[in-house]
Amino acid sequence: MPVLSVSIRIVTVVCMPLMFLKEVVMKNTVATFQKMKEEGQKISMLTAYDYSTAKVVDNAGVNSILVGDSLGMVMLGYEDTIPVTVEDMIHHGRAVTRGAQNALVVIDMPFMSYEVSVEQAVQNAGRIMKETQANAVKLEGGSRVAPQIKAITKAGIPVCAHIGMTPQSVNSYGGFKVQGKSIEAAQAVIDDALAVQEAGAFAVVIECVPAKLAALISEKLTIPTIGIGAGAGCDGQVLVYQDMLALFSDFKPKFVKHFAHLGDAMTEAFKTYDEEVKAGTFPSEEHTFKIDDEVIEKLY
Ligand code: KIV
């Protein structure tokens, strides 16, 4: 056998397991997030709440999927996220993890699933992880939930924190309002960021705070910051997918950019379907199953 052919065979045999290993290594983990922060690479995160969308987001190469409790508003039609239950999160979370190969899947802990006690927080975080096979949980609040973050991470569950405007506190704010604008309020957001890092969070979502404040926090922290309405100085960005595709029309926050207009595209498609069904032009030959005429003729 020629030397070249032998060496090609050896390379193929040696490389096959490495290629397989490469597939495995592509999965985003909390370590990937940390490395990306250290190397100054931006982290992308989008929400998803079902199998098909998770697959599309994952195939697009987005680093992380958040199964946000925003599902209460964009999937279930509630006015805010307060009514969302642990069961809702598990139901949608399971569907997402089935569709996500490479994205790091983070699942929100809903309102009142972690506030009562540290024990309640660990139990619910554990249930979410066991029943969905997600990679991490997220909970809202800074210093006030530091003991919960500490206990959940100690139990071996990665925690993404969420500070700034935390939607589960909508009733305390009197609406979805930008946070951290005065010296005291801005200092409180910084203190929250430091507290959740100290408690062991692997990342922190910063929502609706002035861009300069979020940039300052991103410089101060060693863990990655993921911004939503917090400017370009964060280490990563997250958006609700219905917002960025213009699928959710109840309201449009200032920080949302429409990357596509799928709401309009869907309305057009549904209208055309309606017209074709009513005109009898759908289904046509190509969408129809055939049977031999002799079979039909023998039927009565
Ligand atoms: O629930 C959610 O989708 C969120 C994002 C807004 C960060 O928490």
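Fair warning: this is a prediction, and the values are worked out from it, not measured in the lab. (Residues numbered from 1 in each chain as written. Predicted model: local features only at pLDDT ≥ 70, side-chain atom pairs only at ≥ 80, totals over all residues. Heavy atoms only, no water.)

Trainee: How should the overall build of the protein be read in this particular structure?
Mentor: Looking only at helices and strands, the protein has 13 helices and eight strands in total. Seen through its principal axes, the protein has C-alpha atoms that stretch 85 × 70 × 35 Å. Within the protein, the fraction of its 300 residues that count as buried is 45%. Within the protein, residue pairs in contact and separated by at least 24 positions form 59% of the contacts whose partners lie at least 6 positions apart. Working note: accessible area of the protein is about 16,700 Å², and carbon and sulfur atoms make up 60% of it. Between the averaged position of the 26 positive side-chain charges in the protein and that of its 35 negative side-chain charges there is a distance of 8 Å. (Helix = DSSP H or I, 4+ residues; strand = E, 2+ residues; numbered from the N terminus. Buried < 20%, exposed > 50% of the residue type's maximum accessible area, 1.4 Å probe, protein only. Contact = heavy atoms within 4.5 Å. Areas by Shrake-Rupley, 256 points an atom, 1.4 Å probe, with all protein chains shown as cover. Lys, Arg positive; Asp, Glu negative; His and termini not counted. Charge placed at Lys NZ, Arg CZ, Asp CG, Glu CD.)

Trainee: Looking at this structure, I do not really get the site of the ligand. What am I missing?
Mentor: Near the ligand there are 13 residues, and of these Gly-68, Asp-69, Ser-70, Asp-108 and Lys-138 occur at the shortest range. A distance of 2.5 Å separates an oxygen atom of the ligand from a polar atom in the side chain of Ser-70. One nitrogen or oxygen atom from the side chain of Lys-138 is found 2.9 Å from an oxygen atom belonging to the ligand. A total of 260 Å² of accessible area belongs to the ligand in isolation, and the protein chains cover 95% of it. The residue makeup of the shell around the ligand, split by class, is five nonpolar, four polar and four charged. (Near = heavy atom within 4 Å. Polar contact = N/O pair within 3.5 Å; in protein donor to acceptor, adjacent residues only side chain to side chain. Nonpolar A, V, L, I, M, F, W, Y, C, P; charged D, E, K, R; others polar.)

Trainee: I would appreciate a short explanation of unusual backbone geometry in the present structure.
Mentor: Excluding glycine, residues mostly carry a negative phi; peptide bonds, for their part, are mostly trans. Residue Phe-282 is joined to Pro-283 through a cis peptide bond whose omega torsion reads 0 degrees. Considering the arrangement of structural elements, one finds Pro-283 in the loop between α12 (262-279) and α13 (293-297). With phi around 70 degrees, Met-112 is a residue other than glycine that occupies positive phi space. Considering the arrangement of structural elements, one finds Met-112 in the loop between β3 (104-108) and α6 (118-132).

Trainee: Teacher, can you tell me more about the side chain of Thr-225 here?
Mentor: Mapping Thr-225 onto the fold places it in strand β7 (residues 225-228). A polar side-chain atom of Thr-225 sits 2.7 Å from a polar atom in the side chain of Ser-218.

Trainee: So what exactly am I meant to see when it comes to the pairing of β7 here?
Mentor: Along any regular strand the residues' side chains alternate between the sheet's two faces. Burial along β7 is two-sided: Thr-225 and Gly-227 facing one way and Ile-226 and Ile-228 facing the other are all buried. Inspection of the sheet shows strand β6 (residues 203-207) paired to β7 by four bridges, in the parallel sense. Across the sheet, residue Val-204 finds its bridge partner in β7, namely Thr-225. In terms of handedness, the path from β6 via helix α10 (residues 211-220) over to β7 forms a crossover that is right-handed. Judged from the two bridges that link them, β7 and strand β8 (residues 236-239) form a sheet pairing that is parallel. The partner of Ile-226 across the bridge, within β8, is Gly-236. (Pairing = 2+ DSSP bridges. Right-handed = clockwise from strand over helix to strand, strands pointing away.)

Trainee: Sorry, what's going on with the pattern of salt bridges here?
Mentor: Between side chains of opposite charge, pairing is possible as soon as their charged atoms come close. Across all of its chains, the model carries eight salt bridges by this definition. Lys-35 serves as the salt-bridge partner of Glu-39, at 3.4 Å between the closest nitrogen and oxygen. Residues joined in a network through salt bridges with shared partners are Glu-87, Arg-94, Arg-127 and Glu-131. (Salt bridge = Lys/Arg side-chain N within 4 Å of Asp/Glu carboxyl O.)

Trainee: Would you explain the pairing of β3 in this entry?
Mentor: Summarising burial for β3: five of the five residues are buried, a large majority. Side chains of β3 alternate between two faces, with Leu-104, Val-106 and Asp-108 and Val-105 and Ile-107 buried alike. Following the backbone out of β3, through α6 and into the adjacent parallel strand β4 (residues 136-140), one traces a crossover that is right-handed.

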